[in-house]
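# Geometric and topological summary
Spelled out from the first residue to the last, the chains are:
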Amino acid sequence: MGSKEDISRLFHYIKELTPPSSIIGYKVQEGSVVFGALERPEELVLGLPPRIPQFSPKYILLPPEHVLVHVNRDYAVTTKHQVAGSIVLFGIKPCDLLAMRILDCILMARHPVYTSTRGSLKLIVAEECLRPLETCFCGDVKAGPLIEDHCDIAYAIVGDTVFFKALSGAGLGILRDLRLSTPGEKELEKYMEASRIATERASGKIPVPLALRKELVDKTARVDLWRDVSRKCLACGSCNYVCPTCFCIELEDMLQGDGEAARVAKWIGCRTYTYGLVAGGHFRRELYTRYRHFVLHKFVFYEKQVGRTGCVGCGRCTTWCPAGIDLKESLREVSRWK
Ligand code: SF4
Ligand code: SF4
Ligand code: SF4
């Protein structure tokens, strides 16, 4: 147990470890919360900002645009995805942790840039969310708002007190070195109460996933339903880009000047028109089919791919939808439709 000052001490401790690592987390830049390199602990965004940031660890692990293959003017082919040095993620959220595990199942050992960046991750320090946002529903999909595993150190802020948990051998060693005090019964009670309220606040917003899956399968062919829930959609793909578990890319071969060329991977979203455009036609020409695919993929197909729902309840797709479409409401509508 400690104070916010101890989060700074933890940051400095990690910064001074050898070999040095880049510390990456949420920070404010030009008035927006972004995900990037942190130089000082004062840059850290503690707690959740008023709306969930559009960026997530995906932005670092699978950048929006990345070179897979480079060809020089002598036709020598090289792959350019070695990561310089190691990385520490600091202050990421419980839903981010689960999103990374989902991406691991899909991309590890399959996508070279993801695999190499993930391999350079040395330490993860994550923050429990004791004040979930209105848009958060991680409790419904068992992604948060508390942390039990899959990082090295977790911390939670309750008023002026910060509770630290070591969740790996490395994390335990660091917290021992920081010589933090052990919380008393009263402090623990406060933490437990804050955790209970947070879990309640992040739950009960969508139909129970198991029942929802059955409803989605049963109602897949209800064209009237899908036309209705997708009626406001602009097919912009913003929901795909901000979603921490969407992983689709398209490839483009580009000339890079001086006779060199590169095969570049770029994010693409299944709700955009071009996603389904292939040689010889289009496999999801109507917008409602693309809207439906997104929902079915997250709540039905991911189950087969990674053994659980592909939605971590972060609410990014809702927060950053220019048409104001709320995924939670779409799911409730599917459930209500007779
Ligand atoms: S962000 Fe909203 S409008 Fe854009 S594709 Fe997604 S649901 Fe449709
Ligand atoms: S579908 Fe929406 S709520 Fe679910 S993980 Fe993606 S962005 Fe978050
Ligand atoms: S969805 Fe849950 S874990 Fe993610 S930011 Fe919101 S409260 Fe935190």
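In case you missed it, the structure is sitting above this.
Here goes a summary of the coordinates provided. Predicted model, so just to flag it, every value in this text is computed and none were measured.

Before going further, it helps to spend a moment on the pairing of strand 8 (residues 161-166). Across six bridges, the pairing between strand 7 (residues 153-158) and strand 8 is antiparallel. Residue Tyr155 lies in a different strand from strand 8, and its bridge partner there is Phe164. Counting the residues between successive antiparallel strands, the hairpin from strand 7 to strand 8 contains two residues, one of them, Gly159, with a positive phi of roughly 65 degrees.

Quick look at the site of ligand 1 now. Taken together, Cys233, Leu234, Ala235, Cys236, Gly237, Ser238, Cys239, Arg271, Cys321, Pro322, Ala323 and Ile325 make up the full set of residues near ligand 1. For the shell around ligand 1, the per-class residue count stands at nine nonpolar, two polar and one charged.

What follows is about the packing of aromatic side chains. Summed over all chains, the structure comprises ten aromatic pairs. When the ring of Phe163 is compared with that of Tyr191, the centres are 5.0 Å apart and the planes differ by 35 degrees; the resulting orientation is tilted. You can see Phe163 sitting in strand 8 and its partner Tyr191 sitting in helix 6 (residues 185-201), a full 28 residues away along the chain. A relative accessible area of 10% means that Tyr191 is categorised as buried. Residues Phe247 and Tyr302 carry aromatic rings whose centres are separated by 6.3 Å and whose planes lie at 85 degrees to one another, so their mutual orientation is edge-to-face. Taken together, the positions of Phe247 in the loop between helix 9 (238-242) and strand 9 (249-255) and Tyr302 in helix 10 (residues 287-306) put the pair 55 residues apart, joining distant regions of the chain.

Taking strand neighbours across the sheet as the criterion, the six strands line up as 2-1-5-6-7-8 in an open arrangement whose pairing is mixed. Where the open sheet ends on each side, the last strands, each with one partner, are strand 2 (32-37) and strand 8. When the angles between neighbouring strand axes are averaged without regard to direction, this sheet yields 20 degrees.

Tallied over the full model, the rule gives 22 salt bridges. Residues Arg196 and Glu200 are paired through a salt bridge, measuring 3.0 Å at the closest nitrogen-oxygen approach. In this pair, Arg196 and Glu200 are both assigned in helix 6, four residues apart and thus about one turn of the helix distant. Taking relative accessible area as the criterion, Arg196 reaches 42% and is therefore assigned partly exposed. Residues joined by salt bridges that share partners form a network here, namely Glu193, Arg196 and Glu200.

The omega torsion across Thr18 and Pro19 is -5 degrees, close enough to zero to call that bond cis. Mapped onto the fold, Pro19 is located in the loop between helix 1 (4-15) and strand 1 (21-29). The phi dihedral of Glu30 is positive, around 50 degrees, even though this residue is not glycine. Note that Glu30 resides in the loop between strand 1 and strand 2.

What counts and how
- Residues numbered from 1 in each chain as written.
- Chains lettered and ligands numbered in written order.
- Predicted model: local features only at pLDDT ≥ 70, side-chain atom pairs only at ≥ 80, totals over all residues.
- Heavy atoms only, no water.
- Pairing = 2+ DSSP bridges.
- Helix = DSSP H or I, 4+ residues; strand = E, 2+ residues; numbered from the N terminus.
- Near = heavy atom within 4 Å.
- Nonpolar A, V, L, I, M, F, W, Y, C, P; charged D, E, K, R; others polar.
- Phe/Tyr/Trp six-rings, centres within 6.5 Å; stacked < 30°, edge-to-face > 60°.
- Buried < 20%, exposed > 50% of the residue type's maximum accessible area, 1.4 Å probe, protein only.
- Axes fitted to C-alpha atoms, helices over the stretch in contact; angles between N-to-C directions.
- Salt bridge = Lys/Arg side-chain N within 4 Å of Asp/Glu carboxyl O.

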